[in-house]
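Residue-level structural notes
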Amino acid sequence: MAKLSADIPKLVEHFGPSLSRIPAGGWADTREDDKLVKTHCCFCGQQCGIQLRVRENKIIGFEPWEDFPFNRGKLCPKGVKRYMQDEHPDRLKSPLQRVQDKGFVPVGWDAALDRVVSEIRRIQETYGKDSFAILTGASLTNEKAYLMGKFARVALQTANIDYNGRLCMVSAGTASKKVFGIDRSGNPWSDIVAADVILVAGANIAECAPITTDYIWRARDRGAKLIVIDPRMTPIARNADLYIPVRPGGDIGVFNGMLHVMIKRGWIDQDYISKHTIGFEEVARTVEKYTPEYAARIAGVPASMIVRAAELFGPAKTSFVMHARGIEHHSKGVENCIAMMSLALATGRLGREGCGYAMITGQGNGQGGREQGQKCDQLPGNRKIDDPEARRYIAGVWDVPESSIPGKGLSAVPLMEAIHSGKIKGLISICFNPVVSLPDANFTREALGKLEFYTAIDFFLSETAQHADIVLAGSLMEEDEGTTTNVEGRVIRHRKVVSPPEGAWEDWKILLELARRLGKGNKFDYAGPREIFDELRVASKGSVSDYYGMTWDRIDENNGLFWPCPSLDHPGTPRLYEDGKFGHPDGKAHFIPVEWRPSVEMPDEEYPIILTTGRVVSHFLSGTQTRRIGALVDQTSEPFCEMHPQLATKLGIADCDFVKVESRRGHVVVHAKVVKTIRPDTVFVPYHWPHDRSANNMTIRALDPQSEIPEFKICAVRVMKAERPIDPIAKLEVQAGGIR
Ligand SMILES: Nc1nc2c(c(=O)[nH]1)N[C@H]1C(S)=C(S)[C@@H](COP(=O)(O)OP(=O)(O)OC[C@H]3O[C@@H](n4cnc5c(=O)[nH]c(N)nc54)[C@H](O)[C@@H]3O)O[C@H]1N2
Ligand SMILES: Nc1nc2c(c(=O)[nH]1)N[C@H]1C(S)=C(S)[C@@H](COP(=O)(O)OP(=O)(O)OC[C@H]3O[C@@H](n4cnc5c(=O)[nH]c(N)nc54)[C@H](O)[C@@H]3O)O[C@H]1N2
Ligand code: SF4
Ligand SMILES: [Mo]
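The present account deals with the structure reproduced in this document. (Residues numbered from 1 in each chain as written. Chains lettered and ligands numbered in written order. Predicted model: local features only at pLDDT ≥ 70, side-chain atom pairs only at ≥ 80, totals over all residues. Heavy atoms only, no water.)

1. Some points on the site of ligand 1
Just so we agree on the cut-off: It suffices for a single heavy atom of a residue to lie within 4 Å of a molecule or strand for the residue to be listed as near it. Under this definition, polar contacts are N or O atom pairs within 3.5 Å; protein pairs additionally need one hydrogen-donor-capable and one acceptor-capable atom, and for neighbouring residues in sequence, both atoms have to be side-chain atoms. Exposure was quantified through the Shrake-Rupley algorithm and a 1.4 Å probe, taking into account, for residues, occlusion by the shown protein chains and nothing else. In DSSP terms, a helix is any run of H or I states spanning at least four residues, a strand is any run of E spanning at least two, and both are numbered starting from the N terminus. Classification used: nonpolar for Ala, Val, Leu, Ile, Met, Phe, Trp, Tyr, Cys and Pro, charged for Asp, Glu, Lys and Arg, polar for all others including Gly. An automatic or database domain assignment supplies the residue ranges for each domain.
In the vicinity of ligand 1 there are 34 residues, among which C208, D230, D251, R615 and H619 approach most closely. One of the backbone N or O atoms of E207 is found 3.0 Å from a nitrogen atom in ligand 1. In the environment of ligand 1, a nitrogen atom lies 3.0 Å from a nitrogen or oxygen atom belonging to the backbone of V616. About the coverage of ligand 1: the protein hides 99% of its 910 Å² of free accessible area. Elements represented by at least two residues in the shell around ligand 1 include exactly α6 (205–208), α13 (325–328) and β23 (609–614). For the shell around ligand 1, the element with the highest residue contribution is α13, accounting for three residues. By residue class, the composition of the shell around ligand 1 is 14 nonpolar, twelve polar and eight charged. Taken domain by domain, the makeup of the shell around ligand 1 includes at least three residues from each of domain 3 (170–359) and domain 4 (609–731).

2. Concerning the site of ligand 3
Close contacts around ligand 3 come from C41, F43, C44, Q46, Q47, C48, L75, C76, K78, G79, P210 and I211, and that covers them all. Within the residue set of the shell around ligand 3, elements represented by two or more residues are α2 (77–81) and α7 (210–221). Of the residues in the shell around ligand 3, the class split is eight nonpolar, three polar and one charged.

3. A few points about helix α20 (residues 529–540)
Worth spelling out the cut-off: An expected span of 1.5 Å times one less than the residue number is assigned to each helix. Burial classes follow relative accessibility: with a 1.4 Å probe on protein chains only, a residue under 20% of its type's maximum area counts as buried, one over 50% as exposed, and anything between as partly exposed.
Over its twelve residues, α20 runs 16 Å from end to end, which matches the ideal 16 Å to within 8%, given 1.5 Å per residue. The complete set of buried residues in α20 reads P529, I532, F533, E535, L536, R537, A539 and S540. Of the residues flanking the end of α20, it is G542, one or two places downstream, whose phi is positive at about 80°.

4. A closer look at the sheet that holds strand β13 (residues 356–359)
What counts is decided by this rule: Strand pairing follows a simple DSSP-based rule, namely that at least 2 bridges must link the two strands. Axes here mean lines fitted to C-alpha atoms, for a helix over just the part in contact, with angles spanning 0 to 180 degrees between N-to-C directions. Note on contacts: a residue pair qualifies if any of its non-hydrogen atoms lie within 4.5 Å across the two residues.
With parallel pairing, five strands are arranged side by side in an open sheet as β10-β9-β8-β12-β13. Only two strands of the sheet have a single neighbouring strand rather than two, namely β10 (242–244) and β13. The sheet shows a mean angle of 10° between the axes of neighbouring strands, direction not considered. As paired strands, strand β8 (residues 197–201) and strand β9 (residues 225–229) are joined by five bridges and run parallel to one another. Residue pairing across strands places V197 opposite K225, the latter belonging to β9. Across the sheet, helix α5 (residues 170–180) is in contact with β12 (319–323) and β13; its angle to β13 comes to roughly 155°. Sheet contacts for helix α8 (residues 251–264): β8, β9 and β10; angle to β9, the most-contacted strand, approximately 140°.

As structure tokens, this is what we get:
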């Protein structure tokens, strides 16, 4: 900033007088006593480095952190505005208690925690341990994710803990484990730059992984070809060499069809296949029938596109395949990923510079959050909860009898169903807003109404927290410290930038205090997150995701360390599979044949249109944070229904008309956004808004049988012109007898 301030006269001269409004000290009104803290963005899985500017325990701005190697100072619109949430008037500054007829009233910490503990005791004594559940999140640091898993198994002894990554990374993770034996993207992002062809499927990279765009552009500058598969021509697709407007759910057609052509034309690496893989013959037999014409019928695109994709991808020297939720949020999400992985494997283009496979992580700690034991079937170090050896090892770390660690619990959607059916009576949630983010929102709302006791730990009163009996005021990322693991598998450190406002607590302190009151304080005796991390290191020792060799200091010194990092002198492992050795006990990668099958709810006469849902650049997930940042709300203030002009004409709808989008489960009334960049058989509604604007009013509670991820990307709807929805403020004014 000092440098920028000095440049201001020059800039004003260059750009004209509009810049003369810049304050004398520079844009952020810099002062000598301001502090700059190097940390990371709290939002997506890229985890960009950023410097936050602090004055008197308030974050007042930011500066790029040019030296952080992942984003080299670049930030997206959310990153540069994120600090604006900190001083929001809605910030929770004390616990809240629901009081009959009065709504929420502030309550002291002692009373709030006592109430939570007495309800946990009452419910568990009356209905059994598993009747009290926990829902957590992958925006939490590794330390908190670890703490939540241990809190569930040791303090509550409930089997029922799961996390919002169940809605996010589990199809990719399951597929990656099955094929490669390891659940992590294979390469550091710098490897992307050396790829000659990049195949992107179901990833709106420019809006959802904005910094990854930079890596793709750098590859493009070297002449790399880009193929994008998406029912919507997203910004990155507009620059592609080949854009394949796949019908939602049709990706296996494209992948199997490409492999069919590649085998026929000899564009596979037989030598690599025989040395490093098993199962290829069966896959080759399966794709035999996926001729371009057959594959094209599944994919809903011309056969020539599939042939062209094979021609670009097949003979290339180096290549990268990348996918995100567009192919994963399906009842065949795992199979979609497996079919795509086969393309990388069959060409032997893995584990080298320019050659790799990447599943683009979603949440800030989408990678680490799925390793530390907060999944319903998992112990720390990505260990299976039903593996006797893993149970013995973790019981030793926790100093509890192995038999006291519960078994596998319910994953997020079945857990909500068990609340609905009355099997689960009590719930703690942290870092999860299921009312907005789970499919079939009316069902979720009904379920939450049935709980005997619910407590939410959040820094804002999220739409789900509004159902709580007690709300505990927790901490924002910048008010606490800890580590996250970014999209590449790089473990990085978030510094404590400011303290929580008076009356709010760091999340981990809340958990420690609950454990103490439950009589388990001796198992949760940490001075702070650094000590929790040191226990996590031991818990992960010897596992696939081994953090043992990382300390916070080493992470700082190295701008992050990649796992596995098994010893204190180990440099970490940016690139996996370099030696052609995979994570399975036999050291091989496993080819798995997959066949296309229809999605659970296909369009029919009554509901003839496919609805797909997702994101816009300016909002994050359920929107509790970004809907409170004015500059981001200005960018996109409302959800909309994106549709093709052909469909709009058929339905008599014009751009900006209000439309009702309705499925068998619910509806929204939103503006039509008529664009040529979407397939005519599909509409798209972003999901960042709650209540009557929630895309999840329409989505279906259908799951992938292997990963248990919901099918967010396909359900059947009908769309019709609608009246302007009743503005709730106008309604209030009418009730109050007009504007006064
Ligand atoms: N701005 C912003 N960035 C984010 C987030 C955010 O909320 N906002 N969230 C973060 C998180 S947690 C996640 S998981 C990621 C998500 O990142 P992405 O997965 O990139 O985002 P989505 O919008 O969910 O879906 C991606 C694309 O899938 C396409 N699609 C739909 N159905 C199909 C299909 O059947 N096949 C194919 N090939 N494509 C399909 C959609 O048209 C959409 O463009 O983003 C992360 N980054
Ligand atoms: N229709 C449809 N639905 C979807 C998707 C889709 O594409 N379509 N995408 C799915 C995906 S990929 C995801 S990841 C989920 C995400 O869905 P959610 O996880 O429900 O979304 P978030 O907005 O991250 O909710 C996190 C809540 O925790 C709070 N929070 C954030 N960080 C912290 C923290 O450090 N401490 C505490 N105490 N609280 C914190 C926030 O204020 C917020 O209220 O949504 C899924 N839902
Ligand atoms: S790309 Fe992701 S991590 Fe980077 S600034 Fe944007 S939201 Fe934050
Ligand atoms: Mo996600």
